[in-house]
Amino acid sequence: MANVVVVGAQWGDEGKGKIVDWLSERADVVARFQGGHNAGHTLVIDGKVFKLNALPSGVVRGGKLSVIGNGVVLDPWHLVKEIATIREQGVEISPETLMIAENTPLILPIHGELDRAREEAATKGTKIGTTGRGIGPAYEDKVGRRSVRVADLADPATLEHRVDRALQHHDALRRGLGLEPVDRDGLIAQLKEIAPQILEYAGPVWKVLNEQRRSGKRILFEGAQGALLDIDFGTYPFVTSSNVIAGQAATGTGIGPGSIDFVLGIVKAYTTRVGEGPFPTELDDEDGNRLGTRGREFGTVTGRKRRCGWFDAVLVRQTCVTSGVNGISLTKLDVLDGFENIKICTGYELDGEVLDHLPIATEEQLRCKPIYEEMEGWSESTEGARSWNDLPGAAVKYVRRIEELIGCPVALLSTSPERDDTILVTDPFAD
């Protein structure tokens, strides 16, 4: 049976939550493979709004196994609160429906404190624009081999050893930032208190996913953020702290890369970005304001206003290559309703040269000027359309031109936040 990876193909906020929810109806397992609770996935089901940060989007669908993979960094206190909130909305969550990889690194309170202190100490122009939730420092500890992991919660002696190793590093950093040393005993007490609420969900995710795959179950791998925030292939250093591209689905869950059958890239019909960093097609005019207002462009996690601009085909073409995208899901087409003319970026001009890709150096990225192709807009509404026949001719032309420019076909087309307002072109789960 087909296994599908869903990745954001821009700077995040592309509408992954709705698409994952739409696909999860046909999946048996939904697995998160990277990121932390800086993800913000909003689902609208029968008029009820669910906002998820750490939990996989599949939890709101009965009869699915939701998995948090080892590629995620997990704030245990946030997870417990999120589970309680979702339960209050009528969703049942139990060890039968949720599993956390035993080797998942934990986000500790010291990570958030360090994250915020660094951002506050950064001078203008050097701020990364993090959410301040400790995701970056938690990944640093993972790579530095000083993480506290889920399995460590089961053994008090191991837990204390892991905390001591982490504090050798963190207390030195805190002194440099003018912070008080960590209350070691208090931190250990907090972890011992939360441990039973996390350990009940812990298990060998790699083994369970392999068993599910071999028994013919369909697995949906859910990413957070977007490929342009990837630590290797994003607009570094204004990126997240993990790999976001599709290859991380294998590393972040323990399933082999040969088990991935289809990669679906989620792409907004225009471009947005939260936080700092290059953005060649950003609009600081009425068109940009109109996109932001109509698209309700405020971060689910941060509440920050998103920067808006025209569709950048150059960037999406790149992310389709680095993630091996087989088809895209184009979202928020309805936000473009009513524009007399619509622009698409087809290349960049840099120091008199025309480029067909975004250069790697930040200074050059900031100097890239978009080369636009202009298309006729449409006055009719596309909101809620569920078939190609419901779309204006100009809207169809716009979608077809995007396919040509990015070199990748549209598999799904989303025309509103409602899950059923979706046009299926290619079924990612088709055998």
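Data block above holds the structure.
Peer 1: How would you sum up the overall build of the protein chain? Please name residues and give values.
Peer 2: Helix and strand content of the protein chain: 12 helices and 18 strands. On C-alpha atoms alone, the protein chain measures out to a radius of gyration of 22 Å, which is about the 22 Å that the 2.2 N^0.38 rule sets for 431 residues. Looking at the protein chain as a whole, 56% of its 431 residues qualify as buried. Considering only residue pairs separated by 6 or more positions, the protein chain has 76% of its internal contacts joining residues 24 or more positions apart. Counting only carbon and sulfur atoms, one obtains 48% of the accessible surface of the protein chain, whose full area is about 17,700 Å².

Peer 1: Got a sec to walk through the layout of surface pockets? Specific residues and values, please.
Peer 2: One way to see where empty space is left: roll a probe the size of a water molecule over the atoms. Looking at the second largest pocket, its volume works out to about 170 Å³. If you trace the second largest pocket, you find it lined by Leu228, Phe233, Gly234, Thr235, Gln318, Thr319, Thr322, His357, Leu358, Pro359, Ile360 and Gln365. Residue contributions to the lining of the second largest pocket peak at three residues, all from helix 10 (residues 313-322). Residues that form the lining of the second largest pocket fall into these classes: five nonpolar, seven polar and no charged.

Peer 1: Before we move on, can you summarise the nonpolar core with the specific residues and values?
Peer 2: Ranked by internal contacts, the top residues of the largest apolar core, which has 56 residues, are Ile328 and Tyr398. Considering each element in turn, this core owes the most residues, seven residues, to helix 12 (residues 393-406). Residues within four places of Tyr398 in sequence aside, it is in contact with Ala269, Phe311, Leu333, Leu336, Ile342, Ile344, Met375 and Trp378. In this structure, Leu106, Val148, Val150 and Val182 belong to the second largest nonpolar core, which totals 36 residues.

Peer 1: Quick one: what's the story with helix 10, residue by residue and with numbers?
Peer 2: Restricting attention to buried positions, one finds in helix 10 the residues Ala313, Val314, Leu315, Val316, Thr319 and Cys320. The inward-facing, buried residues of helix 10 contact strand 9 (262-268), strand 12 (311-312), strand 13 (327-331), strand 14 (341-350) and helix 12. Capping the start of helix 10, Asp312 holds a side-chain oxygen 3.0 Å from the backbone nitrogen of Val314, two or three residues further along. Where helix 10 ends, the next residue or the one after it, Gly324, has phi of about 60°, a positive value.

Peer 1: I'd like a rundown of the side chain of His111, residues and numbers included.
Peer 2: By secondary structure assignment, the location of His111 is in helix 3 (residues 109-121). Every residue in contact with His111, bar those within four places of it in the chain, is listed here: Leu106, Gly134, Pro137, Ala138, Asp141 and His170.

Peer 1: Any details on unusual backbone geometry? Residues and values, ideally.
Peer 2: In the segment running from Tyr236 into Pro237, the intervening peptide bond is cis, with an omega of 10°. Tracing the chain through its elements places Pro237 in the loop between strand 8 (219-222) and helix 8 (248-251). One non-glycine residue with positive phi stands out, namely Lys332, at about 60°. For Lys332, the location among the structural elements is in the loop between strand 13 and strand 14.

Peer 1: Can you lay out the pattern of salt bridges for me, pointing to particular residues and giving the numbers?
Peer 2: Under the criterion given, the structure shown has 22 salt bridges. Asp141 is the partner of Arg146 in a salt bridge, and the nearest nitrogen-oxygen pair spans 2.6 Å. Exposure class is identical for Arg146 and Asp141. Each is buried. A salt bridge links Glu160 to Arg184, with the shortest nitrogen-to-oxygen separation between them at 3.3 Å. Note that Glu160 is positioned in helix 5 (residues 156-176) and Arg184 in helix 6 (residues 184-199), a separation of 24 residues in sequence. Overall, the relative accessible area of 28% leaves Glu160 in the partly exposed class.

Peer 1: Report on the packing of helix 3 against helix 5, specifying residues and quantitative values.
Peer 2: A pair of packed helices is captured by two measures, namely the crossing angle of their axes and the spacing between those axes. Where helix 3 meets helix 5, the axes come as close as 11 Å, and the angle between the chain directions of the two elements is 30°. Considered as vectors, helix 3 and helix 5 are oriented roughly parallel to each other. You can see that helix 3 and helix 5 cross each other, and the crossing is left-handed. On helix 5, the residues that touch Ile110, His111, Glu113, Leu114 and Arg118 of helix 3 are Leu167, His170, Leu173 and Arg174. Split into classes, the residues belonging to the contact of helix 3 with helix 5 amount to four nonpolar, two polar and three charged.

Peer 1: So what about the pairing of strand 2 (residues 29-32)? Which residues, and what values?
Peer 2: One face of the sheet, then the other: side chains in a regular strand alternate in exactly this way. A two-sided burial pattern is seen for strand 2, the buried positions comprising Val29 and Ala31 on one face and Val30 and Arg32 on the other. Both strand 2 and strand 5 (residues 65-68) contribute to a ladder of four bridges, which runs parallel. Bridge pairing in strand 5 places Val30 opposite Ser66. Relative to strand 8, strand 2 runs parallel, the two being bridged by four bridges. Of the residues in strand 8, the one forming a bridge with Arg32 is Glu222.

Peer 1: A description of the side chain of Ser323 should follow, citing residues and the corresponding values.
Peer 2: Following the sequence through the fold, Ser323 ends up in the loop between helix 10 and strand 13. Note on Ser323: relative accessible area 8%, which makes it buried. Every residue in contact with Ser323, bar those within four places of it in the chain, is listed here: Val7, Ile245, Ala246 and Val263.

Peer 1: Outline the packing of aromatic side chains, supporting the account with residue identities and numerical values.
Peer 2: By the definition in use, this model includes three aromatic pairs. With a centroid separation of 5.6 Å and 70° between ring planes, the pair formed by Trp310 and Phe339 is classed as edge-to-face. Here Phe339 lies in the loop between strand 13 and strand 14 and Trp310 lies in the loop between strand 11 (307-309) and strand 12, a separation of 29 residues in the sequence. Residue Phe339 is classed as buried on the basis of its relative accessible area of 2%. Seen from the ring of Phe339, Arg290 lies directly overhead, with NZ or CZ sitting 4.1 Å from the centre.

Reading guide: rules and limits
- Residues numbered from 1 in each chain as written.
- Predicted model: local features only at pLDDT ≥ 70, side-chain atom pairs only at ≥ 80, totals over all residues.
- Heavy atoms only, no water.
- Helix = DSSP H or I, 4+ residues; strand = E, 2+ residues; numbered from the N terminus.
- Rg over C-alpha atoms; globule rule 2.2 N^0.38 Å.
- Buried < 20%, exposed > 50% of the residue type's maximum accessible area, 1.4 Å probe, protein only.
- Contact = heavy atoms within 4.5 Å.
- Areas by Shrake-Rupley, 256 points an atom, 1.4 Å probe, with all protein chains shown as cover.
- 1 Å grid on protein atoms, 1.4 Å probe; cavity = no way out; pocket = protein on both sides within 12 Å on 5 of 7 lines; lining within 4 Å.
- Points joined across faces, edges and corners; volume = space filled by probe spheres on them.
- Nonpolar A, V, L, I, M, F, W, Y, C, P; charged D, E, K, R; others polar.
- Core = buried A, V, L, I, M, F, W, Y, C linked by side-chain atoms within 4.5 Å.
- Polar contact = N/O pair within 3.5 Å; in protein donor to acceptor, adjacent residues only side chain to side chain.
- Salt bridge = Lys/Arg side-chain N within 4 Å of Asp/Glu carboxyl O.
- Axes fitted to C-alpha atoms, helices over the stretch in contact; angles between N-to-C directions.
- Parallel < 35°, antiparallel > 145°, perpendicular 65-115°, else oblique.
- Left-handed = near helix turned anticlockwise from the far one by under 90°.
- Pairing = 2+ DSSP bridges.
- Phe/Tyr/Trp six-rings, centres within 6.5 Å; stacked < 30°, edge-to-face > 60°.
- Lys NZ or Arg CZ within 6 Å of the ring centre and 35° of its normal.

By themselves these figures say nothing about function.
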